[in-house]
Amino acid sequence: MQKHDKMVALAKEKSAEMTETAITAIETMYRKNIKISVAELTKLTGLSRGFFYNNPNVKQVMMELKEKQQGMILQNPKSNAIAKAQEARIKSLEQKLSDSVPKNEYESLQKKYEELQVKYSQMKKGTLLKMYDQL
């Protein structure tokens, strides 16, 4: 009987640790304005999806904080990773471009590019204003 009691105590202790880990992860995601999702929590903690749905304490904290996130502007970890990869790709391409074009020509093209970006944003803004006026 004593072995059984020890096993039960260890199981409860492990469950409490897992619950604490899950709640800490949920609260951290909330504080950092990262969208709370079970998929992200499983990646972050290594716990199973079922744990987040079946543990009433964890589920309650998760649902409360997810509800508080409604209407907030949140970070999406996937889009952050994609943005970083795109930035690295752009820097790499800029480096290749600067290596392949003489410096003065590159600077001239860079200025034209910036001017075109300004014109594009002005056109886009004007188009949006026209669309807004039509509503």
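Please refer to the structure placed before this passage.
What counts and what doesn't
- Every residue gets a number counted from 1 within its own chain, in the order that chain's sequence is written.
- In keeping with the model being predicted, local features are shown solely for residues with a pLDDT of at least 70 and side-chain atom pairs are shown and tallied solely at 80 or more, while totals for entire chains, interfaces and linings include all residues.
- Only hydrogens and water are removed before side-chain values are computed, so all heavy atoms of the structure are retained for them.
- For this analysis, a nonpolar core means a set of buried residues of the types Ala, Val, Leu, Ile, Met, Phe, Trp, Tyr and Cys, connected via side-chain atoms within 4.5 Å.
- When a residue's accessible area, from a 1.4 Å probe over protein chains only, is under 20% of the maximum for its type it is buried; when over 50% it is exposed; and in between it is partly exposed.
- In DSSP terms, a helix is any run of H or I states spanning at least four residues, a strand is any run of E spanning at least two, and both are numbered starting from the N terminus.
- Residue contacts are defined here by distance: any two heavy atoms, one from each residue, within 4.5 Å place the two residues in contact.
- A pairing counts as a salt bridge when a side-chain nitrogen of Lys or Arg comes within 4 Å of a carboxyl oxygen of Asp or Glu.
- The length a helix should cover is 1.5 Å for every residue beyond the first.
- Arc, as used here, means the arc of the directions from the helix axis to the C-beta atoms.
- Pairing of N or O atoms within 3.5 Å defines a polar contact, subject to two protein rules: one partner must be a possible hydrogen donor and the other a possible acceptor, and residues neighboring in sequence count only if both atoms are side-chain atoms.

Considering the nonpolar core
- If you look at the biggest cluster of nonpolar residues, it comprises 16 residues, and the most contacted ones within it are Ala22, Ile26, Ile36, Leu41, Phe52, Val58 and Met62.
- Sort the elements by how many residues they give to this core and helix α1 (residues 2-31) lands first, with five residues.
- Once residues lying within four places of it in the same chain are set aside, the contact partners of Phe52 are Ala22, Val38, Leu41, Thr42, Thr45, Leu47, Val58, Lys59 and Met62.

Quick word on the pattern of salt bridges
- Enumeration according to the criterion identifies one salt bridge in this entry.
- Across the pair Lys43 and Glu40 runs a salt bridge whose closest N-O atoms are separated by 3.7 Å. With Lys43 and Glu40 both in helix α2 (residues 38-45) and three residues apart, the pair spans about one turn of that helix.
- Looking at Lys43, the relative accessible area reads 57%, which means it is exposed.

Section: helix α4 (residues 56-68)
- Taking 1.5 Å per residue, 13 residues should reach 18 Å; α4 reaches 18 Å between its end C-alpha atoms and fits that length.
- Within α4, burial applies to Val58, Val61, Met62 and Leu65. When α4 is viewed along its axis, its buried side chains cluster within an angular range of 100° and face the same direction. Exposed side of α4, more than 90 degrees from the buried face: Pro56 and Glu67 are the residues found there.
- The inward-facing, buried residues of α4 abut α1, α2 and α3 (49-54).
- Among the residues of α4, the N-terminal cap falls to Asn55, whose side-chain oxygen and the backbone nitrogen of Asn57 are separated by 3.1 Å.

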